[in-house]
Amino acid sequence: MRTRFPPSPTGMLHVGGLRTALYNFLLAKQTGGTFILRIEDTDQERSVEGAVENIVKTLRWAGLEPDEGLTGFSTNGNPIEQGDKGPYIQSKRLKLYREYAQKLLQSGHAYSAFDTKEELDRMREEEQRAGNPAPKYDLSVRMRMRNSLTMDGKEVQKKIAASDPYVIRLKVPESRTFIANDEIRGKVEFKSSTVDDTVLLKSDGFPTYHLANVVDDHLMEVDLVLRGEEWLPSLPKHLLLYEAFGWNPPKFAHVPLLLNKGGGKLSKRQGDASASDFIEKGYLPEAMINFLALLGWNPGGTEEIFSLKELIKSFSLERVQKGGAVFDTEKLDWLQGQWMRKIPLEEFAESIRPVVAKQYPAAADDAEFTKKAALIQERVTFFHEAPQMLSYFYEPPTSDTALIANKKQNVTPDLLPTILKFLIDSLSSIPREEWREEVISNVLKSSNIGLFATGSRDTIDLSTCLNKGQYLWPLRAILTGLSYSPGAFEVAEVLGKEETLKRLKKALKTLA
Ligand code: GLU
């Protein structure tokens, strides 16, 4: 199966575009087929500098490398194209489109139109006055316009010889009903009366999207055209073009729109909708791909975590929904967390090390860094959160009574000296080589009983002991200086005996 992704370089790649690319990629890969990247840059006015580079870079980031078409750039910035059906950049194919437009003129499926802007405006005004709210250049008006259908052949030749500007329009046949099968929507029907005599070749010799798109999909032997729902209204024009050329059309699938949470269309103009914004925010490609796959595709079971490889196996058009898909960033963040946890620890540590080292240079050659990273991997959503989450390892926090004394845990300021002395004494008794989470936990538990329980061996009264929270909270708060952090014992183990005691003693001094 040959599929294609043919973006127009009118801006940074939109997340909806990335999803379209993904679906095309998956369908090609699951049949051992070819995924083609073609650049549709025939609307020169709307082309944006850097957009093509952004498209290539974003697809690469997401792991959706094209097999054919534009595959990259050389070091001096020239496009690299692969495949024998190129060029794959439409602005390099202009001659071809002109030839195909001429073919349609000759076969009577298209005609030349010489109407000026004023004449077109006048037609629209007249139509509106006559009660047509959405006037189009179509079969109802074409016979009163200035075109090769209404003008004398010699006059047409004269105008062309004199280089008068003209466009080539599709001649939509009368009273036809088109029935097409959409792989997602099923049967779709259009009446030719609703289709305009769309411009195929503009007066500057550039093709419009419709002509270039159909010619290329045919010449590049595309089997399936999968694109956004916004292109569904163009389908009858495309089907007409295939028919006019005498070509077999490919299959078509129109994927549902992406909606924002309010139910409106997620548009490029909404700032956040470009894939680059998500890359900059620190989303992992795995999370983004997983999220985009689920936007419109229902995997069927309860499993929601899919790698690109798994998606290639599981994805199917039958399970793509017709209705719009809500772009729910909470779901994206959840998936991001899931994918963070899946990174092998060493790799995770080395990914966050430079980020942490930027703020805390000591992290750069910290031999214990992986242990520290292990403490936060379960909690992190973005790499850029790591410096704050590991801050206390590199910068001893200042003792903050308001944080350390915690009402909810029954830690009152007057109790603090007792608790701190208990912690210092008990922890000091642990030999250095036994300084581990479980030992720390057990020692504190037993010294608590040993120190504070009353009564005798048979009638032991534990009510005079500290609650676990009464020593856990201050220990954690003193060591980290944070209201949320990994648990006290885990942090103490990684900090080491010496540093743990140092912080406790300092806190006792400042609080006393
Ligand atoms: N150039 C069109 C776009 O930017 C391609 C639409 C299609 O896939 O046919 O969306």
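Before reading on, note that the structure itself is shown above.
Here is a short report on the structure shown in this document.

Conventions adopted
- Residues numbered from 1 in each chain as written.
- Predicted model: local features only at pLDDT ≥ 70, side-chain atom pairs only at ≥ 80, totals over all residues.
- Heavy atoms only, no water.
- Helix = DSSP H or I, 4+ residues; strand = E, 2+ residues; numbered from the N terminus.
- Buried < 20%, exposed > 50% of the residue type's maximum accessible area, 1.4 Å probe, protein only.
- Contact = heavy atoms within 4.5 Å.
- Areas by Shrake-Rupley, 256 points an atom, 1.4 Å probe, with all protein chains shown as cover.
- Lys, Arg positive; Asp, Glu negative; His and termini not counted.
- Charge placed at Lys NZ, Arg CZ, Asp CG, Glu CD.
- 1 Å grid on protein atoms, 1.4 Å probe; cavity = no way out; pocket = protein on both sides within 12 Å on 5 of 7 lines; lining within 4 Å.
- Points joined across faces, edges and corners; volume = space filled by probe spheres on them.
- Nonpolar A, V, L, I, M, F, W, Y, C, P; charged D, E, K, R; others polar.
- Core = buried A, V, L, I, M, F, W, Y, C linked by side-chain atoms within 4.5 Å.
- Patch = residues over 30% accessible without salt bridge, like charges linked within 9 Å, V, L, I, M, F, W, Y side chains within 5 Å.
- Salt bridge = Lys/Arg side-chain N within 4 Å of Asp/Glu carboxyl O.
- Phe/Tyr/Trp six-rings, centres within 6.5 Å; stacked < 30°, edge-to-face > 60°.
- Near = heavy atom within 4 Å.
- Polar contact = N/O pair within 3.5 Å; in protein donor to acceptor, adjacent residues only side chain to side chain.
- Axes fitted to C-alpha atoms, helices over the stretch in contact; angles between N-to-C directions.
- Parallel < 35°, antiparallel > 145°, perpendicular 65-115°, else oblique.
- Left-handed = near helix turned anticlockwise from the far one by under 90°.

### As for the overall build of the protein chain
- If you tally the helices and strands in the protein chain, you get 20 helices and 13 strands.
- In terms of overall dimensions, the protein chain has C-alpha extents of about 120 × 50 × 40 Å along its principal axes.
- The buried share of the protein chain, reckoned over its 512 residues, is 50%.
- Intrachain contacts of the protein chain at a sequence separation of at least 6 include 72% that bridge at least 24 residues.
- By element, 50% of the accessible surface of the protein chain is carried by carbon and sulfur atoms, the whole surface being about 25100 Å².
- If the 67 positive side-chain charges of the protein chain are averaged to one point and the 70 negative ones to another, these points end up 2 Å apart.

### Describing unusual backbone geometry
- Cis rather than trans, the peptide bond between Gly86 and Pro87 has omega equal to -5 degrees.
- With respect to the element layout, Pro87 can be found in the loop between strand S4 (79–82) and helix H3 (94–107).
- Of note in this structure, Ser163 is not a glycine but carries a positive phi near 55 degrees.
- Residue placement: Ser163 occurs in the loop between helix H5 (153–161) and strand S6 (167–170).
- Even without being a glycine, Ser175 presents a positive backbone phi close to 40 degrees.
- Summarising the element assignment, Ser175 is placed in the loop between S6 and strand S7 (177–182).

### A short note on empty space enclosed by the protein
- All told, the structure shown has two cavities of 30 Å³ or more when counted by the stated rule.
- What lines the largest cavity is Leu37, Val56, Leu59, Arg60, Leu64, Glu65, Pro66, Leu70 and Thr71.
- At the level of secondary structure, the elements contributing two or more residues to the lining of the largest cavity comprise helix H2 (51–62) and strand S3 (68–73).
- No other element matches the three residues that H2 contributes to the lining of the largest cavity.
- Here the residues of the lining of the largest cavity are counted per class, giving six nonpolar, one polar and two charged.

### Notes on the side chain of Asp216
- Relative to the elements of secondary structure, Asp216 occurs in helix H6 (residues 209–219).
- Among the residues examined, Asp216 registers a relative accessible area of 0% and is labelled buried.
- Ignoring any residue separated from it by four or fewer positions in sequence, one finds Asp216 in contact with Arg38, Gln90, Arg93 and Tyr97.

### Observations concerning the nonpolar core
- Counting residues in each nonpolar core, the largest one holds 113 residues, and the members touching the most others are Val15 and Leu64.
- Counting 36 residues, the second largest nonpolar core, distinct from the first, contains Leu94, Val188, Phe206 and Trp247.

### Considerations on the layout of surface pockets
- By volume, the second largest pocket amounts to about 210 Å³.
- Taken together, 14 residues form the lining of the second largest pocket, with Pro9, Ile39, Asp41, Val52 and Glu53 sitting closest to its centre.
- When its residues are assigned to classes, the lining of the second largest pocket shows seven nonpolar, four polar and three charged.

### Some remarks on a nonpolar patch on the surface
- Nonpolar side chains collect at one region of the surface, where Ile449, Ile460 and Leu462 lie side by side and expose about 260 Å² of accessible area between them.
- Structurally, the position occupied by Ile460 is in the loop between helix H17 (437–452) and helix H18 (468–480).
- Ile460 sits in the partly exposed class, given a relative accessible area of 48%.

### Some details on the packing of aromatic side chains
- Inspection of every chain in the model, using the stated rule, returns 20 aromatic pairs.
- Measuring from ring centre to ring centre gives 5.6 Å for Tyr100 and Trp247, while their planes differ by 65 degrees; the resulting arrangement is edge-to-face. Taken together, the residues Tyr100 in helix H3 and Trp247 in the loop between helix H7 (235–245) and strand S11 (251–255) connect sequence positions 147 residues apart. Of the two residues examined, Tyr100 and Trp247, each falls in the buried class.
- Ring plane angle 55 degrees and centroid distance 6.2 Å describe the contact between Phe348 and Phe383, whose orientation is recorded as tilted. Remark: Phe383 occurs in the loop between helix H13 (369–376) and helix H14 (386–394) and Phe348 occurs in helix H12 (residues 345–359); sequence separation between them is 35 residues.
- Among the aromatic side chains, those forming a connected cluster through ring pairs are Tyr100, Tyr242, Phe245, Trp247 and Phe252.

### Overview of the site of the ligand
- What surrounds the ligand is the set Arg4, Pro6, Pro7, Ser8, Glu40, Tyr209, Asn213, Arg227 and Trp231.
- Between the ligand and Pro6, the relevant distance is 2.9 Å, taken from a nitrogen atom to a main-chain nitrogen or oxygen of the residue.
- Contact distances for the ligand include 3.1 Å between an oxygen atom and a side-chain N or O atom of Arg227.
- Out of a free accessible area of 300 Å², the ligand has 85% covered by protein chains.
- Of the residues assigned to the shell around the ligand, the class counts are four nonpolar, two polar and three charged.

### Remarks on the packing of helix H9 (residues 285–294) against helix H11 (residues 329–342)
- Across the interface, H9 lies against H11 with an axial gap of 8 Å and an inter-helix angle of 135 degrees. By the angle class used here, H9 and H11 are oblique. Pair H9 / H11 crosses with right-handed handedness. Where H9 approaches H11, its residues Glu286, Ala287, Met288, Asn290, Phe291 and Leu294 are matched on the opposing element by Lys331, Leu332, Leu335, Gln336 and Trp339.
- In terms of residue class, the contact of H9 with H11 is made up of seven nonpolar, two polar and two charged.

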